[in-house]
Amino acid sequence: MADAPLYEAVGISKSYGHVTALFDVNFSVNPGEIVGLVGDNGAGKSTLIKILSGVHPPDRGKIRLDGVERTWKSPHDAIEAGIETLYQDSGLAPDLTIGSNVFLGREKLKPGILGRLGFLDQKAMERQAAEELKRVGIAVSGSRRTVSDLSGGQRQAVAIGRAIAWARKVIMLDEPTNHLGARQSIEVLSVMRSAKEQGLGVIFISHTLPHVLEVTDRVVVLRLGRVVRDAATSEFDAESLLGTITGLIEAS
Amino acid sequence: MRDRSSVCSIGARRKATLLVLASAGVLAACSSSSHSSSPSTASSGGSTATSAAGASGSGGKLTIAFNMGAEADPFFIAMNQGAEAEAKSLGVNLIWQGDPSQYSPATQIPIVDQLLAEHPSALIISPTDPDALQPAVNQAIAQGIPVVNVDTHVTDLSKVLSFITGDNQQGGAAAADAMAAAMHYTAGQTYQVVVGASSATTTTNTARLAGFKAEIAAKYPGIKVMAEAYSQSQPAVANTNVNNWLTEYPNLKGIFAIDGTNASGAAAALQARNLVGKVALVGYDAYSTNVALLQKNVFAALIAQNPTEEGKLAVQYAVQYLNTKSTSGIPHEQTLPNIVLTPNSSAADLAQYTYPTA
Amino acid sequence: MTMTPASTEGQGRAAPAADPNPPATEPRDWARSILGNQQFLLLVALGALILYFYSKRSVFLSSGEMANILDDFCSLILLAVGETFVIVSGGIDLSVGSTASFAGVIGAFSMRGMVSHNDSEALVLVVGTIVCAAVGAGVGLVNAALINWLRLVPFVATLATLGAGAGMAIVLSHGIPIGDDTRAIIFSQAKVGPFSWPVFIVIGILVISWLYLHLSRYGRYTFALGSNEFAARAAGINVRRHLVSVYVLSGLLSGLGGMFLYLRLGSGAPTSGAGDELRAIAAVVIGGASLLGGSGRLSGTILGGLILTTVTSGLIISNVNPNWDQVAVAVLIALAAALQALRPGRRRA
Ligand SMILES: Nc1ncnc2c1ncn2[C@@H]1O[C@H](COP(=O)(O)OP(=O)(O)OP(=O)(O)O)[C@@H](O)[C@H]1O
Ligand SMILES: [Mg+2]
């Protein structure tokens, strides 16, 4: 199994009622690789991510991590396995502080008996959250601020920071540059590069094709729920990538 | 007439809940409802026809359909016993049917409709709403089925054969007399008393209070009604009211608990403050819980209605009319006097007038 | 509303780096910042109400009257505490009042049997408490099952149990109070200092609930669930299990509320808690929680409950037409809702 990809989806199909969102999709990412996942609106990108992150079970198909077949009963299982996700529709709780969001689901408890009774070590979490966000190059002042007080871009930054901070194997970013200004988008690209340098597998969804061409090693194109192209980024230019997405250029 | 509080509260309060949640608006609560109050209420039951079911035709015997608010309310259980005994002695069939647990026109109307479909010889009904049940009564009369109202009545009584009910005005007056006696009323002295009712719009409550006040004005000038308050059919609210009164009027001498929720609220307050025997508590309706508290002297007196007699007379008048085709000798409206029970009442009286629970 | 306990130390360490997205400058006019502090406003309102009723009747500030208000407060606040957890979690529990009645009736049946056997009062009450709590928790479990597995919205699910609980309480009791337990009434009146001992039990429950809602992981999950259910689930929180626990907690506290009503009345009546869901929800809303979930403070609920019970008793003692009580509650809710509208709008992430 030495050559098995880090994280792999095989023959995945998924329908919502009558809508077939994915059909027989094969997809994989290797350690230290950035894979771009592109396609028109409704092509099935977010659906694939949600299957890989344990939000939805697939109707058919297999998921393998490190060559071992896995079944996610809930997002909790995928998180435990080291897979982090930035969702397109927000994964933040707006009423909680930045620090509480970063630690959501993995709260630090107070040492000793208080911790065993379930009490939080809020100070430590706020401090560490600020450090983590800074480490990954995202600094939003005051980790005690409530997320609903942040701008759209700041929220996105917190969500990316959280995913990067916790990912151990794979990080999946569904349109991470949404809401972001030009400078912050560039920052996100460099955050992805450093994740890659640490040996993580990175999955990057975006409609901003220049970004995709700039940062990815490989591109997978989805159209109407099917993979129509899976090739090294070097095989595309802006025009051919757009053509493949829209279907003007037939899959080769 | 009598009171059915909890049912009122369930229905009306649920509406209020919706209202509040929808608009953070006015808490209409129970006060909009026009009947009611007393600890009791609708209730349970299960079984429907207690006696000979079957339609009008069974062997040429007369069949009387008796439809009440809520079948297993002890008040109606007592009424059923009176009706049943009378039906037996007159040799007629009795169909006894009401909703097991809901005191509401919404559940009563379909039951009446179904009873009428069986073409009974006569219909005795205790309408849960004077207007909502009017069409059903009109329809029965149009089908040639004579209608008797018992306990409560429809708005238009003109074509109804007879309406039999307890006399709330007299009950209120009797309560005043019982309270005065318990306080050892002496002319020239002043007695502070209070009144707990269920809501401002409950007609039975208003009639009882009017009778109470009229009697005081006529016979007991020394009794001063200091305050009135509503329980909204909740015993805990009644309890809060009475607790506050006892703080506000340290010399309080009497409490008239017009309905059952006020009876339990006031009884608990007196027991908690060790005021049993010091404050004359007069309650209404001989529910078993009230009678138990009467025997502990927590109540100085209970005003009991006579549902057994109401049920008996209703059947008697219906059968008399069917047999004679004449209204002579049948009162168009009859109010039955209430019975005053005190801790000194004989065990036999207590047993006879306590509303049964089964 | 933030849920972090206010403490500013360490703020400096949080983010020395320049903020790439400086916070949009929001117009924070004075009205907003004062009105935004609901706790402070509630305290002022409570103080003003007490002074007003005191000016009408000086007996209002007596210890006897305080005890009256607390008696009323104790049976209400247990329901309101459970309701706070539910509302913060983004749900609603309309069944709390009916559950209190239902549990009270069942508890009263079990206690009545024991009273007639002359069992010791303490034993009777312990058993009654356990029965009431268990019945309440059972209703909570039914609520959670309807919501989780039948996918009913909480409003509908708990409306159904409201009807079922109240109906069953009536059917079982024939509509009349169960028990005439004078011993329980007198026992529950035993004073510790100026107040009867149940008051201290309620205070204990309030403290523990406050700690758990605002400082524990359990509370954090409750806020997260109400704030954004998807986020909570995506973060690996077992949303269904947490939701079950919240409704069971609410039911359990309602059951205990039923036991408190029993202690007050010496009986369990099918109408004991009728309509109390309104007062409980009113206390929570007046306390500043949003019905959308994700925000609220238990201290607000406590102040809301105190305000409601103060108004009820104050109107009685100052001999105001008692119908004003309902108007007063409606006005308080409307004011609380207006305050919520004034607060900075919550943007859903
Ligand atoms: N929860 C859902 N219920 C029903 N249909 C859904 C759901 N989520 C997605 N779909 C449908 O599945 C298809 C794929 O949607 P998906 O969100 O995966 O697309 P996408 O590629 O992420 O698009 P976009 O670029 O707009 O984000 C669409 O037709 C969409 O309408
Ligand atoms: Mg998408």
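Above this text you will find the structure in question.
Each residue is numbered by its place in its chain's sequence as written, counting from 1. Chain letters start at A and ligand numbers start at 1, both assigned in the order the entries are written. Restriction of local features to residues with pLDDT of at least 70 applies here, the model being predicted, together with a cutoff of 80 or more for giving and counting side-chain atom pairs; totals for whole chains, interfaces and linings are based on all residues. Hydrogens are left out, water is left out, and the side-chain values use all remaining heavy atoms of the structure.

A. Summary view of the overall build of chain C. A tally of helices and strands in chain C yields 15 helices and 2 strands. Under the scheme applied here, a residue whose accessible area is under 20% of the maximum for its type counts as buried, over 50% as exposed, and between as partly exposed, the area being computed with a 1.4 Å probe on protein chains only. Taken across its 349 residues, chain C has 57% of its residues classed as buried. Sequence separation of 24 or more characterises 81% of the internal contacts of chain C that already satisfy a separation of 6 or more. When the accessible surface of chain C is totalled, it reaches about 12900 Å², and 70% of it is carbon and sulfur. Going along the chain from the N terminus, every DSSP run of H or I of four or more residues is numbered as a helix, and every run of E of two or more is numbered as a strand. In this description, contact between two residues means that some pair of their heavy atoms is separated by no more than 4.5 Å. Per-residue accessibility takes into account occlusion by the displayed protein chains alone, with areas from the Shrake-Rupley method and a 1.4 Å probe.

B. Representation of the overall build of chain A. Helix and strand counts for chain A stand at 9 helices and 10 strands. Relative to its full complement of 252 residues, chain A shows a buried share of 59%. Partitioning the contacts of chain A with sequence separation of at least 6, the portion at a separation of at least 24 is 63%. Within this scheme the basic residues Lys and Arg register as positive and the acidic residues Asp and Glu register as negative, but His and the chain ends are omitted. Lysine's charge is taken at NZ, arginine's at CZ, aspartate's at CG and glutamate's at CD. The averaged location of the 30 negative side-chain charges in chain A is 7 Å from the averaged location of its 29 positive side-chain charges.

C. Local environment of the coordination of the magnesium ion (ligand 2). Think of the donor list as every N, O and S atom within 2.8 Å of the metal, or within 3.2 Å for Na, K and Ca; water never makes the list, so a site can look incomplete. At the metal site, the magnesium ion (ligand 2) is ligated by S46 of chain A (OG) and Q88 of chain A (OE1), and these contacts range over 1.9 to 2.0 Å. Placement of the pair is S46 of chain A in helix α1 (residues 45-52) and Q88 of chain A in the loop between β6 (83-86) and α3 (98-102), with a sequence separation of 42 residues.

D. Summary view of the site of ligand 1. Residue and element names in this part refer to chain A. Nearness here has a simple test: a residue counts as near a molecule or strand if at least one of its heavy atoms is within 4 Å of that partner. Neighbouring residues of ligand 1: 14 residues in total, closest N41, G42, K45, S46 and T47. In protein, a polar contact requires one atom able to donate a hydrogen and another able to accept it; more generally it is a pair of N or O atoms within 3.5 Å, and residues adjacent in sequence count only if both atoms are side-chain atoms. One nitrogen or oxygen atom from the main chain of G44 is found 2.9 Å from an oxygen atom belonging to ligand 1. One nitrogen or oxygen atom from the side chain of T47 is found 2.6 Å from an oxygen atom belonging to ligand 1. Protein chains bury 63% of the 630 Å² of accessible surface belonging to ligand 1 in isolation. Where the shell around ligand 1 is concerned, the elements lending two or more residues are β2 (19-29) and α1. Here the shell around ligand 1 takes 3 residues from α1, the largest share from any one element. Throughout, the ten residues Ala, Val, Leu, Ile, Met, Phe, Trp, Tyr, Cys and Pro are labelled nonpolar, Asp, Glu, Lys and Arg are labelled charged, and all others, Gly among them, are labelled polar. Looking at the shell around ligand 1 residue by residue, the classes come out as 4 nonpolar, 7 polar and 3 charged.

E. Spatial organisation of the sheet that holds strand β5 (residues 68-70) of chain A. All names here are of chain A. At least two bridges found by DSSP between two strands are what make those strands a pair. The 4 strands are arranged β2-β1-β4-β5 in an open sheet whose pairing can be described as antiparallel. The outermost strands of the open sheet, each flanked by one partner alone, are β2 and β5. Put simply, the sheet's adjacent strands are angled 30° from each other on average, direction ignored. By the bridge criterion, 5 bridges tie strand β1 (residues 7-16) to strand β4 (residues 60-65) in an arrangement that is antiparallel. Residue pairing across strands places V10 opposite K62, the latter belonging to β4. Angles here are taken between N-to-C directions and fall from 0 to 180 degrees, while the axes themselves are lines fitted to C-alpha atoms, restricted in helices to the stretch in contact. Lying on the sheet, α1 is in contact with β1, β2 and β4; it crosses β2 at an angle near 60°.

F. Layout of unusual backbone geometry. At H184 of chain B, a position not held by glycine, the phi torsion is positive, near 50°. If you trace the backbone, H184 of chain B turns up in the loop between α5 (168-182) and β6 (191-197).

G. Broad picture of the sheet that holds strand β10 (residues 301-304) of chain B. Residues and elements named next belong to chain B. Pairing is mixed in the open sheet, where 6 strands are placed in the order β7-β6-β8-β9-β10-β12. A strand with exactly one partner marks an edge of an open sheet, and here the two such strands are β7 (223-230) and β12 (339-341). Going from strand to strand, the sheet's axes swing by 20° on average, the running direction of each strand aside. Here β6 runs beside strand β8 (residues 252-257); their pairing, made up of 5 bridges, is parallel. Bridging from a neighbouring strand, V195 pairs with F256 of β8. Its contacts with the sheet put α5 on β6, β7, β8, β9 (280-284), β10 and β12, and the angle it makes with β9 is roughly 160°. Helix α9 (residues 288-295) rests against β9, β10 and β12 of the sheet, and its axis sits at about 150° to β10.

H. How the structure looks around the packing of aromatic side chains. All names here are of chain B. In summary, the pairing rule links any two rings of Phe, Tyr or Trp, Trp by its six-membered ring, whose centres are within 6.5 Å, and it sorts them by plane angle into stacked for under 30 degrees, edge-to-face for over 60 and tilted for everything else. Applying the stated rule across the entire model yields 14 aromatic pairs over all chains. Ring centres of F66 and W96 lie 4.6 Å apart, and the angle between their planes is 50°; this geometry places the pair in the tilted category. Here the residue F66 occupies a position in strand β1 (residues 63-70), and W96 occupies one in strand β2 (residues 93-99), the gap between them amounting to 30 residues. Site record: aromatic cluster; members linked through ring pairs are F75, F76, Y287 and Y355. It is R208 that lies over the ring of Y284; its NZ or CZ is 3.6 Å from the centre. Note on criteria: charge over ring means Lys NZ or Arg CZ within 6 Å of the ring centre, with the direction from the centre no more than 35 degrees off the ring normal.

I. Spotlight on the pairing of strand β4 (residues 147-150) of chain B. Residues and elements named next belong to chain B. Residue alternation in β4 divides its side chains into two sets, V147 and N149 and V148 and V150, and both sets are buried. At this point the chain moves from strand β3 (residues 122-125), through helix α4 (residues 134-142), to the parallel β4, and the crossover so formed is right-handed. With 3 bridges connecting them, β4 and strand β5 (residues 162-166) associate as parallel partners. Note on β5: the bridge partner recorded for V148 is S162. With strands facing away from the observer, any crossover in which the path from the first strand over the helix to the second runs clockwise is taken as right-handed.

J. Summary view of the pattern of salt bridges. All names here are of chain C. The term salt bridge refers to a side-chain nitrogen of Lys or Arg lying within 4 Å of a carboxyl oxygen of Asp or Glu. Scanning the entire structure with this criterion turns up 20 salt bridges over all chains. A salt bridge links D276 to R279, with the shortest nitrogen-to-oxygen separation between them at 3.9 Å. Linking D276 with R279, this pair stays in helix α13 (residues 276-286), spanning 3 residues, or about one helical turn. For D276, a relative accessible area of 6% puts it in the buried group.

K. Local environment of the state of the cysteines. All names here are of chain C. Our working definition of a disulfide is a cysteine sulfur pair at a distance within 2.5 Å. Here the structure, examined in full by the defined rule, presents 0 disulfides over all chains. C74 forms no disulfide, and the closest cysteine sulfur to it belongs to C132, at a distance of 16 Å. Judged by relative accessible area, C132 falls into the buried class, the value being 0%.

L. A look at a nonpolar patch on the surface. All names here are of chain C. Each patch is built from salt-bridge-free residues with over 30% relative accessible area, joining like charges within 9 Å and nonpolar side chains (Val, Leu, Ile, Met, Phe, Trp, Tyr) within 5 Å. A cluster of nonpolar residues, V192, F200, I203 and V207, forms a patch on the protein surface that exposes about 320 Å² of accessible area. In terms of residue count, the dominant contributor to the nonpolar patch is helix α9 (residues 197-215) (3 residues). Relative to the assigned elements, V192 resides in strand β1 (residues 191-192).

M. Just the packing of helix α4 (residues 63-88) of chain C against α13 of chain C, in detail. Residues and elements named next belong to chain C. Two elements in contact, α4 and α13, have axes separated by 8 Å at closest approach and are oriented at 65°. Our classification of the angle between α4 and α13 gives roughly perpendicular. Crossing angle aside, the handedness with which α4 passes α13 is right-handed. Residues D72, L76, L79, A80, E83, T84 and I87 of α4 touch α13, and the partners they reach there are D276, R279, A280, I281, A283 and V284. By residue class, the composition of the contact of α4 with α13 is 8 nonpolar, 1 polar and 4 charged. Working rule for angles: under 35 degrees goes down as roughly parallel, over 145 as roughly antiparallel, 65 to 115 as roughly perpendicular, anything else as oblique. Each helix crossing is assigned a hand: it is left-handed if the near helix lies turned anticlockwise from the far helix by less than a right angle, otherwise right-handed if that turn is clockwise.

N. Quick peek at the pairing of strand β10 (residues 226-232) of chain A. Residue and element names in this part refer to chain A. Here 6 bridges tie strand β9 (residues 218-223) to β10, and the two strands are oriented antiparallel to one another. When the bridges of β10 are listed, V220 appears paired with D230. Hairpin remark: β9 followed by β10, antiparallel, with 2 residues in the connecting loop; positive phi at L224, about 50°.

O. Layout of the environment of G199 of chain A. Take G199 of chain A: it is sitting in the loop between α7 (182-197) and β8 (201-205). Excluding residues that lie within four positions of it along the chain, G199 of chain A makes contacts with P31 and G32 of chain A.

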